Amino acid sequence: MDPARLVADLNDAQRAAVTSTAAPLCILAGAGSGKTRTLTRRIGHRVATGDADPRHVLALTFTRKAAGELGSRLRALGMRDTIAAGTFHSIAYAQLRNRWDERGIRPPDLIDRKVRFLVDNVRLPPKTQAIDVVSEIEWAMARRVEPDDYVSAAARAARTSPVAPDLVARIYAKYMEAKLRRRVVDFDDLLRLSIRDLADTEFAAAQRWRFRHLFVDEFQDVNPLQFDLLRAWLGDRADLCVVGDPNQAIYAWNGADAGYLVDFERWFPGADTVELADNYRSSPQVLAVANAVLAPSRPQSAPLRPHRPDGPLPVVASYATDDAEANGVARAVRDAHRPGGRWSDQAVLTRTNAQTALVGEALRAAGIPHRVRGG
């Protein structure tokens with residue numbers, strides 16, 4: 001790889017992030033600013049300049065799809081499969097399997113459906129929905145909250161759940177006991193057990209020798225459990241680069257904490273920060289609305305700068321109820337349809353499946369043909 005070619009098509013801020021010698025380094029990358037491109041180019045540039053050994057690079061993200069994209073981009077830069085790129089869970093699981101194998105331990109089974117396991121192994125009170133309890137258990141494990149501490153932790157976090165906190169705590173305790181009895185682990189256990197193993201000085205030294213250069217994408221989505229594992233992998237070293245955008249932090253309900261990104265320099269004293277604010281995805285009109293919405297909550301952030309042609313003005317509407325919102329969406333779809341046009345030129349995006357059902361009913365009532373993806 002030619003280092004000059006890796007930065008030739010980047011803007012000034014991206015180039016600064018790619019070539020920075022700072023460690024630790026935080027890249028605040030606004031929406032549409034090319035964050036994954038910048039991260040992979042930084043990895044490639046460090047490898048091309050001899051500043052990093054690809055066999056000792058660990059690139060982390062949060063979903064299998066994102067990890068696959070990260071890996072394919074790195075391979076396109078010529079790094080093939082020498083770099084370890086994956087989710088926190090996949091890397092932790094690989095670490096645990098190697099350790100179990102070395103010590104002659106039969107690995108526990110991995111459960112990937114907590115709801116089914118809970119229903120099969122814990123007697124739930126009538127009218128208690130397993131999915132509601134599992135959501136609280138996942139939040140608690142992500143926040144490193146034990147069953148005995150759940151009630152107070154949920155109160156401090158102002159958690160709202162259809163299941164009473166003391167009942168969640170009791171079921172949570174039984175869930176943990178059932179896993180031990182059945183000798184199984186869930187995905188959160190993979191991270192917890194990896195942290196435990198890294199308390200072994202000799203084992204930790206071996207893992208830190210293996211992973212010397214750490215990179216994390218979508219850092220606004222990290223939760224305390226993942227953050228503690230990251231710090232255990234890092235040890236007392238400083239070779240860490242993270243990329244994220246606090247304005248895209250949407251997983252606080254599931255235990256994520258964007259504060260690790262916002263306060264990066266507090267967690268990692270001496271760190272440097274580079275901000276990417278050039279947006280290549282959205283029209284100036286969309287960004288004007290986005291900047292207006294984001295300004296009160298993030299006054300210190302640079303406004304996103306557009307690099308695309310003008311587009312239509314966004315329309316922002318609010319409704320008193322979910323049903324009124326669904327009917328309003330149906331009216332908007334009908335009004336936007338032009339004679340001779342295709343209904344399929346329009347799309348409705350919702351945050352939850354429940355909203356999808358309501359919108360579908362409203363479209364059906366309005367005689368609008370539609371298809372629900374995945375339905």
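The rules behind the values
- Residues numbered from 1 in each chain as written.
- Predicted model: local features only at pLDDT ≥ 70, side-chain atom pairs only at ≥ 80, totals over all residues.
- Heavy atoms only, no water.
- Axes fitted to C-alpha atoms, helices over the stretch in contact; angles between N-to-C directions.
- Helix = DSSP H or I, 4+ residues; strand = E, 2+ residues; numbered from the N terminus.
- Parallel < 35°, antiparallel > 145°, perpendicular 65-115°, else oblique.
- Left-handed = near helix turned anticlockwise from the far one by under 90°.
- Contact = heavy atoms within 4.5 Å.
- Nonpolar A, V, L, I, M, F, W, Y, C, P; charged D, E, K, R; others polar.
- Buried < 20%, exposed > 50% of the residue type's maximum accessible area, 1.4 Å probe, protein only.
- Pairing = 2+ DSSP bridges.
- 1 Å grid on protein atoms, 1.4 Å probe; cavity = no way out; pocket = protein on both sides within 12 Å on 5 of 7 lines; lining within 4 Å.
- Points joined across faces, edges and corners; volume = space filled by probe spheres on them.
- Expected span 1.5 Å × (residues − 1).

K.L.:
Give a description of the packing of helix H16 (residues 322-336) against helix H17 (residues 353-365) that names residues and reports values.
P.N.:
With their axes 8 Å apart at the nearest point, H16 and H17 run at an angle of 50° to one another. In terms of their interaxial angle, H16 and H17 are classed as oblique. In this structure, H16 meets H17 at a crossing whose hand is right-handed. Residues Asp322, Asp323, Glu325, Ala326, Asn327, Val329, Ala330 and Val333 of H16 form the contact with H17, whose own contacting residues are Gln355, Leu358, Val359, Ala362 and Leu363. Taken together, the residues that form the contact of H16 with H17 break down as eight nonpolar, two polar and three charged.

K.L.:
Summarise the pairing of strand S1 (residues 25-29); cite the residues concerned and give the values.
P.N.:
Within S1, five of the five residues are buried, which leaves it mostly tucked inside the rest of the structure. Along S1, one buried face is formed by Leu25, Ile27 and Ala29 and the opposite face, lined by Cys26 and Leu28, is buried too. Of the strand pairs in this sheet, S1 and strand S7 (residues 240-244) are connected by four bridges, and their pairing is parallel. Along S7, the bridge assignment pairs Ile27 with Val243. Taken together, the five bridges between S1 and strand S8 (residues 272-276) define a ladder with parallel strand orientation. Of the residues in S8, the one forming a bridge with Ala29 is Leu276.

K.L.:
Describe the environment of Pro284, with residues and values.
P.N.:
Mapped onto the fold, Pro284 is located in helix H15 (residues 284-294). A relative accessible area of 22% means that Pro284 is categorised as partly exposed. Spatially, the C-alpha atom of Pro284 lies 25 Å from that of Gln220, the residues being 64 residues apart in sequence. With sequence-adjacent residues up to four places away left out, Pro284 is seen in contact with Pro306, Arg308, Pro309 and Asp310.

K.L.:
Could you give an account of the layout of surface pockets, with specific residues and numbers?
P.N.:
Taken as a whole, the largest pocket encloses approximately 1,000 Å³ of empty space. As for the largest pocket, its lining consists of 32 residues, of which Phe62, Thr63, His89, Gln226 and Asn254 are closest to the centre. At the level of secondary structure, the elements contributing two or more residues to the lining of the largest pocket comprise helix H4 (64-76), helix H5 (88-102), helix H6 (114-121), helix H7 (130-142) and helix H10 (187-197). Broken down by element, the lining of the largest pocket gets its largest block of residues, five residues, from H7. Residue classes in the lining of the largest pocket are distributed as 15 nonpolar, nine polar and eight charged. Within this model, the second largest pocket holds a volume of roughly 850 Å³. What lines the second largest pocket is a set of 21 residues, among which Val315, Ala317, Glu325, Val329 and Leu349 lie closest to the centre. Elements represented by at least two residues in the lining of the second largest pocket include exactly H16 and H17.

K.L.:
Got a sec to walk through H5? Specific residues and values, please.
P.N.:
Between the first and last C-alpha of H5 there are 21 Å, a value that for 15 residues agrees with the 21 Å anticipated at 1.5 Å per step. Those residues of H5 that fall on the buried side of the exposure criterion are Phe88, His89, Ile91, Ala92, Gln95, Leu96, Arg99 and Trp100. Looking at the packing, one finds that the buried side of H5 touches strand S2 (57-61), strand S3 (84-87), H10, helix H11 (201-210), strand S6 (213-216) and helix H12 (224-234). Just past H5, the residue Gly104 takes up positive phi, approximately 65°.

K.L.:
Talk me through unusual backbone geometry; I want residue IDs and the actual numbers.
P.N.:
With an omega of 0°, the peptide bond running from Ala23 to Pro24 counts as cis. Within the secondary structure layout, Pro24 lies in the loop between helix H2 (12-19) and S1. Positioned with a positive phi, Lys127 is a non-glycine residue whose angle comes to about 70°. Tracing the sequence through the fold places Lys127 in the loop between H6 and H7. Look at Lys127 and you get exposed, because its relative accessible area is 83%. Even without being a glycine, Arg183 presents a positive backbone phi close to 55°. The partly exposed category is assigned to Arg183, whose relative accessible area is 33%.

Function cannot be inferred from these measures alone, as they are strictly geometric.
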